[in-house]
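# Breakdown of the fold
Each chain, letter by letter, is given below.
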Amino acid sequence: MSDIGQRNRPGETLEKGASDETAGKGGTTRKGGGDPASRGRTTIADGVVEKIAGLAARDVDGVHAMGGGLSRTFGAVRDRVPGGSGSKSVSRGVKAEVGEVQTALDLEIVVEYGVPIADVARDVRENVIGAVERMTGLEVVEVNIAVSDVKLPDDDEDDDEPQGRLQ
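## A short note on the nonpolar core
- Counting residues in each nonpolar core, the largest one holds 24 residues, and the members touching the most others are Leu105, Leu107, Val124, Val128 and Val132.
- For this core, the secondary-structure elements that each account for two or more residues are α1 (46–58), β1 (63–66), β2 (94–98), β3 (102–112), α3 (117–136) and β4 (139–151).
- With six residues, α3 is the largest single contributor of residues to this core.
- Non-local contacts of valine 124, meaning those with residues more than four positions away in its chain, are made with Ala57, Val60, Val63, Leu107 and Ile145.

## A short note on the environment of alanine 56
- Here alanine 56 shows up in helix α1.
- C-alpha separation for the pair alanine 56 and alanine 131, spaced 75 residues apart in sequence, amounts to 6.5 Å.
- Beyond its immediate stretch of four places on either side in the chain, alanine 56 contacts Asn127, Val128 and Ala131.

## Topic: α3
- In this model, α3 (20 residues) spans 28 Å end to end at C-alpha, consistent with the 28 Å of a helix rising 1.5 Å per residue.
- Among all positions of α3, only Val120, Ala121, Val124, Val128, Ala131, Val132 and Thr136 are buried. End-on view of α3: buried residues confined to an arc of 110°, all on one side of the axis. For α3, the exposed residues set more than 90 degrees away from the buried face come down to Ala118, Glu126 and Arg134.
- Among the structural elements, α1, β1, β3 and β4 are those in contact with the buried residues of α3.
- Note on α3: the residue one or two positions beyond its end, glycine 137, has a positive phi of about 80°.

## Quick look at the packing of α1 against α3
- Where α1 contacts α3, the axes come no closer than 8 Å and their chain directions differ by 140°. Put simply, α1 runs oblique to α3. When you trace α1 past α3, the crossing you get is right-handed. Touching Val49, Ile52, Ala53, Ala56 and Ala57 of α1 are Val124, Asn127, Val128, Ala131, Val132, Met135 and Thr136, all from α3.

## Quick notes on the layout of surface pockets
- Taken as a whole, the second largest pocket spans an internal volume of roughly 170 Å³.
- Around the second largest pocket, the lining residues are Arg41, Thr42, Thr43, Ile44, Val98, Gly99, Glu100, Thr136 and Leu138.
- Classifying every residue of the lining of the second largest pocket by side-chain character gives three nonpolar, four polar and two charged.

## Quick look at the confidence of the model for the protein chain
- Put simply, the protein chain has an average pLDDT of 78, and 62% of its residues get 70 or more.
- Here residues 1–23 is a poorly scored stretch, pLDDT under 50, and it has 34 contacts once near neighbours within four places are set aside; other chains count.

## Some words on the side chain of glutamate 50
- Here glutamate 50 is to be found in helix α1.
- Buried glutamate 50, no salt bridge; nearest opposite-charge side chain is lysine 95, N-O distance 4.3 Å.
- If we ignore the near neighbours within four places in the chain, the residues touching glutamate 50 are Val90, Ser91, Val94, Lys95 and Ala96.

## As for the side chain of threonine 103
- One can find threonine 103 in strand β3.
- Here the side chain of threonine 103 touches glutamate 97 through a polar contact of 3.0 Å, landing on its backbone oxygen.
- The residues contacting threonine 103, other than those within four sequence positions of it, are Val49, Ala96, Glu97, Val98, Val132, Leu138, Glu139, Val140, Val141 and Glu142.

Conventions used here
Residues numbered from 1 in each chain as written. Predicted model: local features only at pLDDT ≥ 70, side-chain atom pairs only at ≥ 80, totals over all residues. Heavy atoms only, no water. Core = buried A, V, L, I, M, F, W, Y, C linked by side-chain atoms within 4.5 Å. Buried < 20%, exposed > 50% of the residue type's maximum accessible area, 1.4 Å probe, protein only. Helix = DSSP H or I, 4+ residues; strand = E, 2+ residues; numbered from the N terminus. Contact = heavy atoms within 4.5 Å. Expected span 1.5 Å × (residues − 1). Arc of directions from axis to C-beta. Axes fitted to C-alpha atoms, helices over the stretch in contact; angles between N-to-C directions. Parallel < 35°, antiparallel > 145°, perpendicular 65-115°, else oblique. Left-handed = near helix turned anticlockwise from the far one by under 90°. 1 Å grid on protein atoms, 1.4 Å probe; cavity = no way out; pocket = protein on both sides within 12 Å on 5 of 7 lines; lining within 4 Å. Points joined across faces, edges and corners; volume = space filled by probe spheres on them. Nonpolar A, V, L, I, M, F, W, Y, C, P; charged D, E, K, R; others polar. pLDDT = per-residue confidence, 0-100. Lys, Arg positive; Asp, Glu negative; His and termini not counted. Salt bridge = Lys/Arg side-chain N within 4 Å of Asp/Glu carboxyl O. Polar contact = N/O pair within 3.5 Å; in protein donor to acceptor, adjacent residues only side chain to side chain.

Structural data, given as structure tokens:
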């Protein structure tokens, strides 16, 4: 056993009668014990991982938009409504399942015409995994990517607001 006057190291126990706060004859005080990272639990919500993944996927060249046609349409309407939640558009097209140490992601993307889809999917996967693992510390076990559409060069539905009847 260690002498009561010596400071205990992580993993050692105090002698009977000594407390963690005053472990020593000289009144040496120690608050808590061990590594601060082990004093509690951190949980990360699915929505947090979805936002990180959505932003990381949008940063990749060749990704035009996230989500399928219907979700993009509803999202565009929601974004135009005053007081609407713009934060939901960040995670549009992303679904995350988050555990205690791992996460799995499903992404739905729209790619630009002319770019190699396999290359875009690889780049999205790499960027998303890097961002999520760096920011959350979670291990990304899989990133499933569904390409739901291709943005054609003459496709102007997303670029311009519809013309009103009055001019």
